[in-house]
Amino acid sequence: HAAAEQRREALGYARKAAGAALLRSAHHEAPAHAPEALGWLNTLPDEQERARVELELNGVITPALMATRGWADEAVKARVERSQALIDLLRDGPHVVPTLWALANYHHLRGQHAQARALAERLVSMEGLARDAGHQAVVLPLLAACLCAEGRYPEARECATRALSLYGTTHVPA
């Protein structure tokens, strides 16, 4: 499709190929499908659609980079920060939570505790998810780890205890 100048269709196939590679743990293969597809984004006339498609591609590239280069690698940071800018443009969507979670983990593993904690707190208090037990069971341990790294042990324990209390009472996403 790309050679035939059918970029929109080619973008869809590239996303599917990269996603399929990631699902079968072919972490080196997954990002190989994306760079050329990122170059085709400028063929999409609508800015919102370009941002959404790029964010989808980043949703495949980021975990593959985390698996192959490590969570604290600069390439992971660049991809997650670009995704953060796209989230700010789009405001909402299915990639907001995983992108913020990846960025919080990046900062936490780099020892940038204040930035990590701010992102973890944002995840915990996100509108529409603050009362979602499954979401809280996943993000509260991250906040607890951030607080612990800052020496805020009583607050960390409270977060960890809240997270543990949610297990068994709700479906926790995989």
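The sections below set out a description of the structure shown in this document. (Residues numbered from 1 in each chain as written. Predicted model: local features only at pLDDT ≥ 70, side-chain atom pairs only at ≥ 80, totals over all residues. Heavy atoms only, no water.)

### Considering the overall build of the protein chain
Item 1. Helices and strands together make up the secondary structure of the protein chain, namely eight helices and zero strands.
Item 2. Tracing the protein chain from N to C terminus, the helices and strands come up as α-α-α-α-α-α-α-α.
Item 3. Along the three orthogonal principal directions, the C-alpha set of the protein chain runs to about 60 × 30 × 30 Å.
Item 4. Here the protein chain holds 174 residues, and the buried ones make up 40% of them.
Item 5. Partitioning the contacts of the protein chain with sequence separation of at least 6, the portion at a separation of at least 24 is 56%.
Item 6. Side chains of the protein chain give 19 positive and 20 negative charges; the mean places of these two sets differ by 2 Å. (Helix = DSSP H or I, 4+ residues; strand = E, 2+ residues; numbered from the N terminus. Buried < 20%, exposed > 50% of the residue type's maximum accessible area, 1.4 Å probe, protein only. Contact = heavy atoms within 4.5 Å. Lys, Arg positive; Asp, Glu negative; His and termini not counted. Charge placed at Lys NZ, Arg CZ, Asp CG, Glu CD.)

### Re the pattern of salt bridges
Item 1. On inspection of all chains with the given rule, the structure shows nine salt bridges.
Item 2. Note that Arg52 and Glu56 form a salt bridge whose closest N and O atoms lie 2.7 Å from each other. Here Arg52 and its partner Glu56 are both found in helix H3 (residues 47-69), four residues apart, which amounts to about one turn of the helix.
Item 3. Using a relative accessible area of 22% as the deciding quantity, one classes Glu56 as partly exposed.
Item 4. Several salt bridges share partner residues, and in doing so they unite Arg117, Glu121, Glu150, Arg152 and Glu155 into one network. (Salt bridge = Lys/Arg side-chain N within 4 Å of Asp/Glu carboxyl O.)

### Examining H3
Item 1. The end-to-end C-alpha distance of H3 is 31 Å, a good match for the 33 Å that 23 residues give at a rise of 1.5 Å each.
Item 2. Positive phi appears at Gly70, one or two residues downstream of H3, with a value of about 100°. (Expected span 1.5 Å × (residues − 1).)

### Observations concerning the packing of helix H5 (residues 96-109) against helix H6 (residues 113-124)
Item 1. Closest axis-to-axis distance for the H5/H6 pair is 7 Å, and the angle between their directions is 155°. It follows from the interaxial angle that H5 and H6 lie roughly antiparallel. In the crossing of H5 with H6, the sense of the turn from one axis to the other is left-handed. For the pair formed by H5 and H6, the contact residues are Val97, Leu100, Trp101, Leu103, Ala104, His107 and His108 on the first element and His113, Gln115, Ala116, Leu119, Ala120, Arg122 and Leu123 on the second.
Item 2. For the contact of H5 with H6, the residue count by class is nine nonpolar, four polar and one charged. (Axes fitted to C-alpha atoms, helices over the stretch in contact; angles between N-to-C directions. Parallel < 35°, antiparallel > 145°, perpendicular 65-115°, else oblique. Left-handed = near helix turned anticlockwise from the far one by under 90°. Nonpolar A, V, L, I, M, F, W, Y, C, P; charged D, E, K, R; others polar.)

### Things to note about the state of the cysteines
Item 1. Applying the stated criterion across every chain yields a total of zero disulfides.
Item 2. Its sulfur unpaired, Cys148 is 10 Å from the next cysteine sulfur, which belongs to Cys146.
Item 3. Among the cysteines around Cys159, which has no disulfide bond, Cys146 carries the closest sulfur, lying 9.5 Å off.
Item 4. For Cys159, a relative accessible area of 5% translates into the label buried. (Disulfide = S-S within 2.5 Å.)

### Points about the side chain of Gln136
Item 1. Checked against the element boundaries, Gln136 lands in helix H7 (residues 133-149).
Item 2. A polar atom in the side chain of Gln136 sits 2.8 Å from the backbone oxygen of Val124.
Item 3. Ignoring anything within four residues of it in the chain, the contact list for Gln136 reads Leu123, Val124, Leu129, Ala130, Pro141, Arg162 and Leu166. (Polar contact = N/O pair within 3.5 Å; in protein donor to acceptor, adjacent residues only side chain to side chain.)

### Observations concerning the environment of Cys159
Item 1. Note that Cys159 resides in helix H8 (residues 153-166).
Item 2. Along the backbone, Cys159 and Pro45 are 114 residues apart, and their C-alpha atoms lie at a distance of 45 Å.
Item 3. Here Cys159 is in contact with Leu140, Leu143, Ala144 and Leu147, once residues within four sequence places are set aside.

### What to know about the side chain of Thr99
Item 1. Topologically, Thr99 is positioned in helix H5.
Item 2. Residue classification places Thr99 among the buried positions, given a relative accessible area of 10%.
Item 3. Here the side chain of Thr99 touches His95 through a polar contact of 2.7 Å, landing on its backbone oxygen.
Item 4. Every residue in contact with Thr99, bar those within four places of it in the chain, is listed here: Leu55, Val80, Ser83, Gln84 and Ile87.

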